[in-house]
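Below, each chain spelled out in residue letters.
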Amino acid sequence: LSCLSSSHVNYIFYATIMIVVFPFGIPGLYFFLLFKNRRLLDGNQRDKEERMGKIEALKEARLEREEIEEKNKSLKGLSFLYGEYQPKYWW
């Protein structure tokens, strides 16, 4: 394969695009999906903290988020991104 062939130039073009898409596009897509569903993910934890203690609010918010995940299976597919965090920190 010659470096001057059209096939090689096409591979260089493709590789250049993927160098941009992979490190910026994938995290950007994840952020977009989380941002779009942020109201479902937060479980109203901040509002609950004002009415009850932080620990109780966290428990209630996690339960609410689990109920929402059961209804919305596509949201459950994103749980690897937010599952270990408090609901108010969906991002």
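Residues numbered from 1 in each chain as written. Predicted model: local features only at pLDDT ≥ 70, side-chain atom pairs only at ≥ 80, totals over all residues. Heavy atoms only, no water.

Participant: Please explain the packing of aromatic side chains as it appears in this structure.
Facilitator: Aromatic rings considered in pairs are described by the distance between their centres and by the relative angle of their planes. Summed over the entire model, instances satisfying the criterion amount to 2 aromatic pairs. Ring centres of Tyr30 and Phe80 lie 5.7 Å apart, and the angle between their planes is 80 degrees; this geometry places the pair in the edge-to-face category. Here Phe80 lies in helix H6 (residues 79-82) and Tyr30 lies in helix H1 (residues 6-36), a separation of 50 residues in the sequence. Centroid distance Phe31 to Phe35: 5.8 Å. Interplanar angle 25 degrees. Geometry classified as stacked. (Phe/Tyr/Trp six-rings, centres within 6.5 Å; stacked < 30°, edge-to-face > 60°. Helix = DSSP H or I, 4+ residues; strand = E, 2+ residues; numbered from the N terminus.)

Participant: Can you walk me through the environment of Leu33 in this structure?
Facilitator: Positionally, Leu33 belongs in helix H1. The spacing of Leu33 and Leu75 is 42 residues in sequence and 9.0 Å in space, taken between C-alpha atoms.

Participant: Would you mind showing me how to read the side chain of Asn37 here?
Facilitator: Note on placement: Asn37 falls in the loop between H1 and helix H2 (38-41). Here Asn37 falls in the buried class, since its relative accessible area comes to 13%. Among all residues touching Asn37, those that are not within four sequence positions of it are Leu75 and Leu78. (Buried < 20%, exposed > 50% of the residue type's maximum accessible area, 1.4 Å probe, protein only. Contact = heavy atoms within 4.5 Å.)

Participant: What exactly am I supposed to notice about the pattern of salt bridges here?
Facilitator: Inspection of the entire model under this criterion finds 5 salt bridges. As a salt-bridge pair, Glu64 and Lys48 come within 2.3 Å of each other at their nearest N and O atoms. Placement of the pair is Glu64 in helix H4 (residues 54-71) and Lys48 in helix H3 (residues 45-51), with a sequence separation of 16 residues. Judged by its relative accessible area of 22%, Glu64 falls in the partly exposed class. The exposure class of Lys48 is buried, given its relative accessible area of 8%. Taking the shortest distance from any N to any O, the salt bridge between Glu69 and Lys76 comes out at 3.7 Å. The class of Glu69 is buried, set by a relative accessible area of 8%. A relative accessible area of 39% means that Lys76 is categorised as partly exposed. (Salt bridge = Lys/Arg side-chain N within 4 Å of Asp/Glu carboxyl O.)

Participant: Would you mind showing me how to read the nonpolar core here?
Facilitator: Here is a general trend for soluble globular proteins: nonpolar side chains tend to be buried in one another's company. In this structure, Leu34, Leu41, Ile68, Leu75, Leu78, Tyr82 and Trp90 together form the largest nonpolar core, which totals 7 residues. Leaving out residues up to four positions away in the same chain, Leu75 has contacts with Asn37, Leu40, Leu41, Ile68 and Tyr82. (Core = buried A, V, L, I, M, F, W, Y, C linked by side-chain atoms within 4.5 Å.)

Participant: What's the story with the confidence of the model for the protein chain in this structure? I'm lost.
Facilitator: Segments scoring low in pLDDT should not have their predicted coordinates read at a detailed level. Per-residue pLDDT for the protein chain has a mean of 87; in total, 98% of the residues score no lower than 70. Taken element by element, the protein chain is modelled with least confidence in H3, mean pLDDT 82, and with most confidence in H1, mean pLDDT 92. (pLDDT = per-residue confidence, 0-100.)

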